[in-house]
Amino acid sequence: MCGLPVWIGIDDTDSYYGGCTTWVAAELASRFKDRLLDFPYLVRLNPEIPWKTRGNGALALKLSSLTDEEVKEVASFVMAAARDEGKSSPSLLISWGGERQERFAVKAVRDVITKRELERTLEKIGPTSRYFLKKPGKSRGLIGCIAAINHPWSDATYELIAYRENQSYERPEFRDDVLWMDSLTAPVTFANFDREIGKPLIYPHGPDPVLFGIRGEDPRVLKAGMMMLGNSSSLWMVFKTNQGTNEHVVAVNGFAEAYPYRTVSIDARVASNPAIVSGGHVVIGLVDRHGSPGQAVFYRQTGNLNHVARRIMKGDLVRIWGGVRPEAERKVINGQGLVLIAPNTTYEEVPSCPFCHRKMREINAGRYICDRCKVEAVGRARLQLKRDIVPNRIYQPSASAFKHLMKPAGRRPIRTPQE
Ligand code: ATP
């Protein structure tokens, strides 16, 4: 199939002990840079998948052509670079057109793809594709390969990743340069620096070849950002990615649709005041529009978001989004963000005596008496509440708790000349 545009999909080549699938793609993209038809794609798949190693990233390259000899060269390079420890299933898919599999690709970001669905899709793309597995029979990595190749780009950001040659040294971190770069390029770049704790966010901490990654809206600004950091690394690559787009979030009508391993957004009434449990995590009881109960948990690690969740009150109408826990008996959402849609502004309480200001005692339903002054009152006291959460503002985790797919509040996509 020489001379036809060709897709290369790669997934699952890393492990907890090292490697990085973006590095494998960056090496191939440099090798075939004259034939690249678009930026290499870095597609983040469902972040709730329990068998991911880290960020559930899958990679794809679109080239103008590849000879049979080059197909073999690509396959041996990818298979040699792939780590084979653990439960990984390093996979490579080479595809010459054929029917697009966009539904599969979107499902891989938002839901779970079953083995059966993978097999059916492989049958469909079989005549125009070839695949290679590092471990015979271990084909799960092909899910990521198909998803990355077929990803529909309704929204996109970019990440410039620079690689280090020697992984045995600690990464040098240039805190002040990152801060300077952030102040000159944000919000066109984002997630560079956590100003609350004074730490750069562009450096990973694992045993992988990534030196740093700058995320943002415009590849030209990412390159300027790299220069501001004085990068001397010989290998760097700009990837087109779905990071920062919230593509993983599915809006649902009620808790009945909050399936495990999905990230859902749900509007619900707060049924109980926040409970702060051991570790500082916040648990909020909710009821959806059909009256079905559920809960949201805001972990201490989410920083700002955890602090805002403490100030939510019974009676508030909220929008909450986050990953659904795989629990059969209850619907629990691990909160990634919240909006206060309609705050509860009144609070009812046992009335106080107008003379001695002590709380009155209930004598029977809705009637109260002050035992000391013998004054009676009917009905509970209604107080106006002043709330310190701004309605309709998006509250999110602190910068250091931000995950790849989460969309920074206020992010405004810009179009680049390449699109
Ligand atoms: P990276 O470190 O490159 O960011 P990762 O190491 O966290 O990613 P992978 O090593 O790619 O994740 O492992 C994830 C595995 O799960 C891959 O085999 C991938 O094909 C598979 N997978 C990803 N998304 C889904 C999904 N929605 N349904 C089923 N399997 C999936």
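Residues numbered from 1 in each chain as written. Predicted model: local features only at pLDDT ≥ 70, side-chain atom pairs only at ≥ 80, totals over all residues. Heavy atoms only, no water.

*Asks:* Residue-level account of the pattern of salt bridges, with values.
*Replies:* Summed over all chains, the structure comprises 23 salt bridges. With its nearest N and O atoms 3.8 Å apart, the salt bridge here joins Lys240 to Asp38. On the criterion of sequence distance, the pair formed by Lys240 in strand E11 (residues 236-241) and Asp38 in the loop between helix H1 (21-31) and strand E2 (41-44) is long-range, its members being 202 residues apart. Of the residues examined, Lys240 reaches a relative accessible area of 9% and is grouped as buried. With relative accessibility at 23%, the residue Asp38 sits in the partly exposed group. Here Arg330 and Glu327 are joined by a salt bridge, their closest N and O atoms 3.1 Å apart. (Salt bridge = Lys/Arg side-chain N within 4 Å of Asp/Glu carboxyl O. Helix = DSSP H or I, 4+ residues; strand = E, 2+ residues; numbered from the N terminus. Buried < 20%, exposed > 50% of the residue type's maximum accessible area, 1.4 Å probe, protein only.)

*Asks:* Lay out the pairing of E2 in plain terms, naming residues and giving numbers.
*Replies:* Both faces of E2 are covered, namely the face carrying Tyr41 and Val43 and the face carrying Leu42 and Arg44. Two strands pair when backbone bridges link them, and E2 and strand E3 (residues 57-63) are joined in this way by 4 bridges, in the antiparallel orientation. Each bridged residue has a counterpart across the sheet, and for Tyr41 the counterpart in E3 is Ala60. The pairing of E2 with E11 spans 2 bridges and is parallel. Bridging from a neighbouring strand, Tyr41 pairs with Lys240 of E11. (Pairing = 2+ DSSP bridges.)

*Asks:* Describe the site of the ligand, listing the residues and the values that go with them.
*Replies:* If you check the shell around the ligand, you find 24 residues, and the closest are Asp11, Asp12, Asp14, Arg54 and Asp111. Within the side chain of Asp11, an N or O atom sits 2.7 Å from an oxygen atom of the ligand. The side chain of Asp12 places a nitrogen or oxygen atom 2.5 Å from an oxygen atom of the ligand. When the free accessible area of the ligand is taken as 640 Å², the share hidden by the protein chains comes to 97%. Take the shell around the ligand: its biggest share by element is 3 residues, from helix H5 (residues 141-149). Residues that form the shell around the ligand fall into these classes: 7 nonpolar, 9 polar and 8 charged. (Near = heavy atom within 4 Å. Polar contact = N/O pair within 3.5 Å; in protein donor to acceptor, adjacent residues only side chain to side chain. Areas by Shrake-Rupley, 256 points an atom, 1.4 Å probe, with all protein chains shown as cover. Nonpolar A, V, L, I, M, F, W, Y, C, P; charged D, E, K, R; others polar.)

*Asks:* Report on the side chain of Asn344, specifying residues and quantitative values.
*Replies:* Looking at the secondary structure, you find Asn344 in the loop between strand E18 (332-342) and strand E19 (346-349). A polar atom in the side chain of Asn344 sits 2.7 Å from the backbone oxygen of Lys314. Side-chain polar atoms of Asn344 contact the backbone nitrogen of Thr346, separated by 3.1 Å.

*Asks:* Lay out the sheet that holds E2 with the relevant residues and their values.
*Replies:* Judged by pairing direction, the sheet is mixed, and its 9 strands sit side by side in the order E5-E4-E1-E3-E2-E11-E6-E10-E7 without closing on themselves. With one partner strand each, in any of the chains shown, strand E5 (129-133) and strand E7 (189-190) form the two edges of the open sheet. Each of strand E1 (6-11), E2, E3, strand E4 (91-95) and E5 is contacted by H5, which is oriented at about 40° to E4, the strand it contacts most. (Contact = heavy atoms within 4.5 Å. Axes fitted to C-alpha atoms, helices over the stretch in contact; angles between N-to-C directions.)

*Asks:* Lay out the pairing of strand E6 (residues 157-163) in plain terms, naming residues and giving numbers.
*Replies:* Burial within E6 is extensive, with 7 of its 7 residues counted as buried. Burial along E6 is two-sided: Thr157, Glu159, Ile161 and Tyr163 facing one way and Tyr158, Leu160 and Ala162 facing the other are all buried. Judged from the 6 bridges that link them, E6 and E11 form a sheet pairing that is antiparallel. Among the inter-strand pairings, Thr157 is bridged to a residue of E11, identified as Thr241.

*Asks:* Could you give me a rundown of the sheet that holds strand E20 (residues 361-364), with the residues and numbers involved?
*Replies:* Strand order in this open sheet of 3 strands is E20-E21-E22, and the pairing throughout is antiparallel. Edge positions in the sheet fall to E20 and strand E22 (376-378), since each of these pairs with one other strand and no more. Pairwise comparison of adjacent strand axes, ignoring direction, gives a mean angle of 35° for this sheet. In the sheet, strand E21 (residues 367-369) pairs with E22 via 3 bridges, with the strands oriented antiparallel. When the sheet's bridge partners are listed, Ile369 is paired in E22 with Glu376.

*Asks:* How would you summarise the side chain of Asn306 if you had to cite specific residues and measurements?
*Replies:* Mapped onto the fold, Asn306 is located in helix H8 (residues 304-309). Of note is the side chain of Asn306, whose polar atom sits 2.9 Å from the side chain of Arg310. The residues contacting Asn306, other than those within four sequence positions of it, are Gly280, His281, Val282, Phe298, Tyr299 and Arg300.

*Asks:* Just give me the short version of helix H7 (residues 219-228), but keep the residues and values in it.
*Replies:* Among the residues of H7, Pro219, Leu222, Gly225 and Met226 are the ones counted as buried. Down the axis of H7, the smallest arc covering the buried residues is 110°, so these residues share one side. Tucked inside the fold, the buried residues of H7 contact E6, helix H6 (175-185), E7, strand E10 (210-216) and E11. Immediately beyond the C-terminal end of H7, within one or two residues, lies Gly230, with a positive phi of roughly 60°. (Arc of directions from axis to C-beta.)

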